[in-house]
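Structural description and commentary
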Amino acid sequence: MAGSLFRLVCTPANLGAAPEGWVGSMLEEGDLALLVDDGGLDAISEVAHTLDLDTVALLRPEKSAERQEDTVMRYASAKPLVWVAPAFGARAQSWAHDRGPMTLLVATGAALSDDERRRVERFVVILGRQDE
């Protein structure tokens, strides 16, 4: 989406328990980039079909967690970021805290819980208000 407010980076599994329409609603003002998980291409395809997308951005997989964090940080560029991952290293946490654009780190390797989805929703609302 041109002019998007933020980027969302996660795996297909992180979106698995979201209520119908939640992901699409969050992405009305954001871009999605997926990380490969154990579901592979089938899981990515399922997300694309659920969101009625012909294409889906995919971040390249890296051999180490540190290199994967580097890839996500480069992808974030100057955009606000919602980043969902099982864990975050000290360097990624410091980067998220110190960078100018707002960044929300959600530490989970599973589907987002109700509380985590509410955190993401609040983040997106705040970004929208700042953009007004």
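Located above this text is the structure these notes cover.
This is a predicted model, so every value here is computed, not measured.

Each helix and strand in the protein chain was counted, giving five helices and five strands. Since a compact globule built from 132 residues should have a radius of gyration of about 14 Å, the 14 Å found for the protein chain is in line with a globular shape. On the principal axes, the C-alpha backbone points of the protein chain span a range of 40 × 35 × 30 Å. Here the protein chain, with 132 residues, has 45% of them falling under the buried criterion. Counting only carbon and sulfur atoms, one obtains 50% of the accessible surface of the protein chain, whose full area is about 7,500 Å². Computed over 13 positive and 21 negative side-chain charges, the separation of the two mean positions in the protein chain equals 8 Å.

Glancing now at the packing of aromatic side chains. Throughout the structure, instances matching the rule amount to two aromatic pairs. Considering the side-chain rings of tryptophan 83 and phenylalanine 88, the 5.1 Å spacing of their centres and the 85° angle between planes classify their relative orientation as edge-to-face. Of the two residues, tryptophan 83 and phenylalanine 88, neither departs from the other in class, the shared state being buried. Ring geometry for tryptophan 83 against tryptophan 95: centres 6.1 Å apart, planes inclined by 80°, an arrangement best described as edge-to-face. Here tryptophan 83 is found in strand S4 (residues 81-85), whereas its partner tryptophan 95 is found in helix H4 (residues 90-98), with 12 residues between them in sequence.

In this model helix H3 (residues 65-76) runs 16 Å from its N-terminal to its C-terminal C-alpha over 12 residues, within 8% of the 16 Å that 1.5 Å per residue would give. For H3, the set of buried residues is Gln68, Glu69, Thr71, Val72, Met73, Tyr75 and Ala76. Of the surrounding elements, those touching the buried residues of H3 are strand S1 (6-10), strand S2 (30-34), S4 and H4. Immediately beyond the C-terminal end of H3, within one or two residues, lies serine 77, with a positive phi of roughly 50°.

A separate point is the sheet that holds strand S3 (residues 57-58). Within the open sheet, the five strands sit side by side as S3-S2-S1-S4-S5. Their pairing is parallel. At either end of the open sheet lies a strand with only one pairing partner, and these are S3 and strand S5 (103-107). Direction of pairing for S4 relative to S5: parallel, over a ladder of five bridges. From the neighbouring strand, valine 84 faces S5, where its bridge partner is valine 106. Sheet strands in contact with H3 are S1, S2 and S4, and its direction is about 160° off that of S4. Across the face of the sheet, helix H5 (residues 114-131) comes into contact with S1, S4 and S5 while running at roughly 175° to S5.

Our next topic: the pairing of S5. Judged by how many residues are buried, S5 sits mostly within the fold: four of five residues are covered. Between the parallel elements S4 and S5, the chain passes through H4 in a crossover that is right-handed.

Let's shift gears to the nonpolar core. By size, the foremost hydrophobic cluster in this structure holds 22 residues, and its most contacted members are Leu8, Val82 and Val120. The element that contributes the greatest number of residues to this core is H5, accounting for four residues. Excluding anything up to four places from it in sequence, valine 120 contacts Trp22, Met26, Val82, Leu104 and Val106. By size, the runner-up hydrophobic cluster in this structure holds 15 residues, among which are Leu35, Met73, Trp83 and Ala85.

Opposite charge on two side chains permits pairing when their charged atoms draw close. Counting across every chain of the model gives five salt bridges. Here arginine 67 makes a salt bridge to glutamate 62, at a shortest N to O gap of 3.8 Å. With a relative accessible area of 46%, arginine 67 lands in the partly exposed category. Note on glutamate 62: relative accessible area 18%, which makes it buried. Notably, a salt bridge pairs arginine 91 with aspartate 70, separated by 2.4 Å at the nearest N-O pair. Placement of the pair is arginine 91 in helix H4 and aspartate 70 in helix H3, with a sequence separation of 21 residues.

What counts and what doesn't
- Residues numbered from 1 in each chain as written.
- Predicted model: local features only at pLDDT ≥ 70, side-chain atom pairs only at ≥ 80, totals over all residues.
- Heavy atoms only, no water.
- Helix = DSSP H or I, 4+ residues; strand = E, 2+ residues; numbered from the N terminus.
- Rg over C-alpha atoms; globule rule 2.2 N^0.38 Å.
- Buried < 20%, exposed > 50% of the residue type's maximum accessible area, 1.4 Å probe, protein only.
- Areas by Shrake-Rupley, 256 points an atom, 1.4 Å probe, with all protein chains shown as cover.
- Lys, Arg positive; Asp, Glu negative; His and termini not counted.
- Charge placed at Lys NZ, Arg CZ, Asp CG, Glu CD.
- Phe/Tyr/Trp six-rings, centres within 6.5 Å; stacked < 30°, edge-to-face > 60°.
- Expected span 1.5 Å × (residues − 1).
- Contact = heavy atoms within 4.5 Å.
- Pairing = 2+ DSSP bridges.
- Axes fitted to C-alpha atoms, helices over the stretch in contact; angles between N-to-C directions.
- Right-handed = clockwise from strand over helix to strand, strands pointing away.
- Core = buried A, V, L, I, M, F, W, Y, C linked by side-chain atoms within 4.5 Å.
- Salt bridge = Lys/Arg side-chain N within 4 Å of Asp/Glu carboxyl O.

These results come straight from atomic positions and should not be treated as a statement about function.
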